[in-house]
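Letter by letter, the chains look like this.
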Amino acid sequence: GATLYERVGGADALVDLVNAVYDGMVSDSSTALFFRKFPNLARLKQRTVDYFSTKWGGPQLYEGLDMYYAHQGLDIPDDAYDTMVWCYKRKLRQMGVDKAVADDVMACVEALRIPVCDPDKKFLTEFYQKWEEAGVAKLKRREVAMGEAGPAPNSGAAGANNQPLPP
């Protein structure tokens with residue numbers, strides 16, 4: 001069967017959809033503030049087109065960040081996400097997209113809610129866990145490197161002028 005990318009209408013239709021959604025969010029008072037953080041809205045739109053093209057079986061390849069990482073720290077609330085969902089639904093209706101296709105698109109959009117909004121702070125929890133693990137690994141590498149280079153400071157070895165090192 002046809003891919004979702006093809007069923008939506010291909011490249012031009014996907015670009016039209018994404019542009020309309022972002023333009024709708026930028027012009028909506030409940031979401032406009034989020035987009036002041038983005039100096040290059042055209043790049044954000046293109047990354048979204050690439051993302052959905054990749055997810056929906058199209059030719060563009062998304063090589064961007066994982067959705068949790070891409071949206072980390074933006075603190076996007078559910079009601080702002082609801083505005084985006086509404087913008088997608090409105091544009092799909094305007095495009096005359098078949099209901100089954102629109103439902104598939106909206107399922108993909110809705111699947112991104114948790115990574116984008118991160119209501120349970122899953123990303124933050126994982127980030128801090130990985131940060132801590134990386135710090136511990138770095139300390140262990142340092143300890144190994146110091147052990148191979150000779151005694152570590154405060155090990156009772158003599159310092160300059162053969163004076164004992166302070167504890």
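Just so we're clear, the structure is a prediction, and the values are computed from it rather than from any experiment. (Residues numbered from 1 in each chain as written. Predicted model: local features only at pLDDT ≥ 70, side-chain atom pairs only at ≥ 80, totals over all residues. Heavy atoms only, no water.)

A. Highlighting the packing of aromatic side chains. Tallying each qualifying case throughout the model produces five aromatic pairs. Ring plane angle 75° and centroid distance 5.6 Å describe the contact between Tyr51 and Phe52, whose orientation is recorded as edge-to-face. Since its relative accessible area comes to 13%, Tyr51 is described here as buried. Overall, the relative accessible area of 4% leaves Phe52 in the buried class. (Phe/Tyr/Trp six-rings, centres within 6.5 Å; stacked < 30°, edge-to-face > 60°. Buried < 20%, exposed > 50% of the residue type's maximum accessible area, 1.4 Å probe, protein only.)

B. View of the packing of helix 2 (residues 10-27) against helix 3 (residues 41-55). It is the contact of helix 2 with helix 3, at a shortest axis distance of 9 Å, that shows an interaxial angle of 135°. Considering the angle they form, helix 2 stands oblique to helix 3. As for the relative orientation of helix 2 and helix 3, their crossing is right-handed in sense. Of the residues in helix 3, those in contact with Leu14, Val15, Val18, Asn19, Tyr22, Asp23 and Val26 of helix 2 are Leu41, Leu44, Lys45, Thr48, Val49, Phe52 and Ser53. Its residues assigned to classes, the contact of helix 2 with helix 3 shows nine nonpolar, three polar and two charged. (Axes fitted to C-alpha atoms, helices over the stretch in contact; angles between N-to-C directions. Helix = DSSP H or I, 4+ residues; strand = E, 2+ residues; numbered from the N terminus. Parallel < 35°, antiparallel > 145°, perpendicular 65-115°, else oblique. Left-handed = near helix turned anticlockwise from the far one by under 90°. Contact = heavy atoms within 4.5 Å. Nonpolar A, V, L, I, M, F, W, Y, C, P; charged D, E, K, R; others polar.)

C. Spatial organisation of the nonpolar core. Phe52, Trp56, Tyr81, Tyr88, Val105 and Val109 are the most contacted members of the largest nonpolar core, which has 37 residues in total. At the level of elements, helix 1 (4-8), helix 2, helix 3, helix 5 (78-95), helix 6 (99-111) and helix 7 (113-117) are the ones that each hand at least two residues to this core. Other than its neighbours up to four places away in sequence, Val109 contacts Phe52, Tyr81, Met84, Val85 and Tyr88. (Core = buried A, V, L, I, M, F, W, Y, C linked by side-chain atoms within 4.5 Å.)

D. Representation of helix 3. Compared with an ideal rise of 1.5 Å per residue, which puts 15 residues at 21 Å, helix 3 spans 21 Å between its outermost C-alpha atoms and is within 8% of the ideal. Along helix 3, the positions that sit buried rather than exposed are Leu44, Lys45, Thr48, Val49, Asp50, Tyr51, Phe52 and Ser53. Residues of helix 3 that are buried in the fold lie against helix 1, helix 2, helix 4 (67-71), helix 5 and helix 6. Gly57 lies just past helix 3 and shows a positive phi near 90°. (Expected span 1.5 Å × (residues − 1).)

E. Expanded view of the pattern of salt bridges. As enumerated under the stated definition, the model contains seven salt bridges in all. In this structure, Lys45 and Asp23 form a salt bridge, with 2.7 Å as the shortest nitrogen-oxygen distance. Of this pair, Lys45 sits in helix 3 while Asp23 sits in helix 2, and the two are 22 residues apart along the sequence. Between Glu110 and Arg113 there is a salt bridge; the shortest N-O distance is 2.4 Å. By sharing partners, the salt bridges in this structure join Asp78, Asp82, Glu110 and Arg113 into a single network. (Salt bridge = Lys/Arg side-chain N within 4 Å of Asp/Glu carboxyl O.)

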